[in-house]
Amino acid sequence: MNKKNKNKPYGIVFSTDPKQTTEKPEENESISTPEKQELKIYLVRLGGNKSMTCVTGFVGSDHELEKLGKSLKQKCGTGGSVKDGEILIQGDNRDKVLKLLIEAGHNAKKAGG
């Protein structure tokens, strides 16, 4: 058995257990509404007088996260990316991002100093 597939329950070929199923569990069966999410917006200072606005705490699919990240980048007029469940936007755009998220119905607040 491969190390990668060690913890996956999908490798069952046959079982006599009537409770055993081979169906994959649904990802994000209950997608949380924007009002129930608690998004945190904070600033990361990088070297060379550069900074980055980070948004964390998003609960939902990767596609929805990418869509939200793209929307925020376009409205802020800056670049950025979506990595490891975080939205990263170039520059100090905390106030603008906070305003945009609240207008979109998300429960967001600034974090950090």
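As shown above, the structure is provided for reference.
The sections below set out a description of the structure shown in this document. (Residues numbered from 1 in each chain as written. Predicted model: local features only at pLDDT ≥ 70, side-chain atom pairs only at ≥ 80, totals over all residues. Heavy atoms only, no water.)

1. Quick word on the environment of T33
Now for step 1: Of note, T33 is situated in the segment before strand 1 (38-46).
Now for step 2: Residue class for T33 comes out partly exposed when judged on its relative accessible area of 33%.
Now for step 3: It is 9.0 Å that separates the C-alpha atoms of T33 and G105, two residues lying 72 residues apart in sequence. (Helix = DSSP H or I, 4+ residues; strand = E, 2+ residues; numbered from the N terminus. Buried < 20%, exposed > 50% of the residue type's maximum accessible area, 1.4 Å probe, protein only.)

2. Concerning the pairing of strand 2 (residues 50-56)
The side chains of a regular strand alternate, first on one face of the sheet and then on the other.
Now for step 1: Of the strand pairs in this sheet, strand 1 and strand 2 are connected by seven bridges, and their pairing is antiparallel. Bridge pairing in strand 2 links Y42 to C54.
Now for step 2: Here strand 1 hands over to strand 2 after three residues, with G48 in that stretch at a positive phi of 75 degrees.
Now for step 3: Relative to strand 4 (residues 86-90), strand 2 is paired through three bridges, and the arrangement is antiparallel. Residue V55 lies in a different strand from strand 4, and its bridge partner there is I87. (Pairing = 2+ DSSP bridges.)

3. Observations regarding the packing of helix 1 (residues 62-76) against helix 2 (residues 94-103)
In a pair of packed helices, the angle between the axes and the distance between the axes together describe the arrangement.
Now for step 1: Helix 2 packs onto helix 1 with a crossing angle of 125 degrees between their chain directions and a minimal axis gap of 10 Å. Viewed along their axes, helix 1 and helix 2 adopt a mutual orientation that is oblique. Pair helix 1 / helix 2 crosses with right-handed handedness. Here L68, L72, K75 and C76 of helix 1 lie close against helix 2, whose contacting residues are K96, V97, L100 and L101.
Now for step 2: Split into classes, the residues belonging to the contact of helix 1 with helix 2 amount to six nonpolar, no polar and two charged. (Axes fitted to C-alpha atoms, helices over the stretch in contact; angles between N-to-C directions. Parallel < 35°, antiparallel > 145°, perpendicular 65-115°, else oblique. Left-handed = near helix turned anticlockwise from the far one by under 90°. Contact = heavy atoms within 4.5 Å. Nonpolar A, V, L, I, M, F, W, Y, C, P; charged D, E, K, R; others polar.)

4. Quick notes on the pattern of salt bridges
Pairing between side chains of opposite charge can happen when the charged atoms of each approach one another.
Now for step 1: Enumeration over the complete set of coordinates arrives at two salt bridges.
Now for step 2: Between R94 and D92 there is a salt bridge whose closest N-O contact spans 3.0 Å.
Now for step 3: Residue R94 is classed as buried on the basis of its relative accessible area of 18%.
Now for step 4: Its relative accessible area of 44% is what places D92 among the partly exposed residues. (Salt bridge = Lys/Arg side-chain N within 4 Å of Asp/Glu carboxyl O.)

5. Re the nonpolar core
Now for step 1: I41, V55, L72, I87, V97 and L101 are the most contacted members of the largest nonpolar core, which totals 15 residues.
Now for step 2: Every element with two or more residues in this core is listed here: strand 1, helix 1, strand 4 and helix 2.
Now for step 3: Contacts of I41, omitting those with residues within four sequence positions, involve T53, C54, V55, R94, V97, L98, L101, A108, K109, K110 and A111. (Core = buried A, V, L, I, M, F, W, Y, C linked by side-chain atoms within 4.5 Å.)

6. Quick notes on the sheet that holds strand 4
Now for step 1: Pairing within the open sheet is mixed, and its five strands lie in the order 3-4-2-1-5. The open sheet has two free edges, formed respectively by strand 3 (80-83) and strand 5 (107-110), since each of these has just one partner strand. Each strand of the sheet is rotated relative to its neighbour by a mean of 25 degrees, with strand direction disregarded.
Now for step 2: Helix-sheet contacts for helix 1 involve strand 3 and strand 4, and the interaxial angle to strand 4 is about 15 degrees.

7. Description of unusual backbone geometry
Now for step 1: A positive phi is found at N49, a non-glycine position, where the angle reads about 60 degrees.
Now for step 2: Tracing the sequence through the fold places N49 in the loop between strand 1 and strand 2.
Now for step 3: You can call N49 exposed: its relative accessible area is 82%.
Now for step 4: Of note in this structure, D84 is not a glycine but carries a positive phi near 50 degrees.
Now for step 5: Residue position: D84 is located in the loop between strand 3 and strand 4.
Now for step 6: Using a relative accessible area of 82% as the deciding quantity, one classes D84 as exposed.

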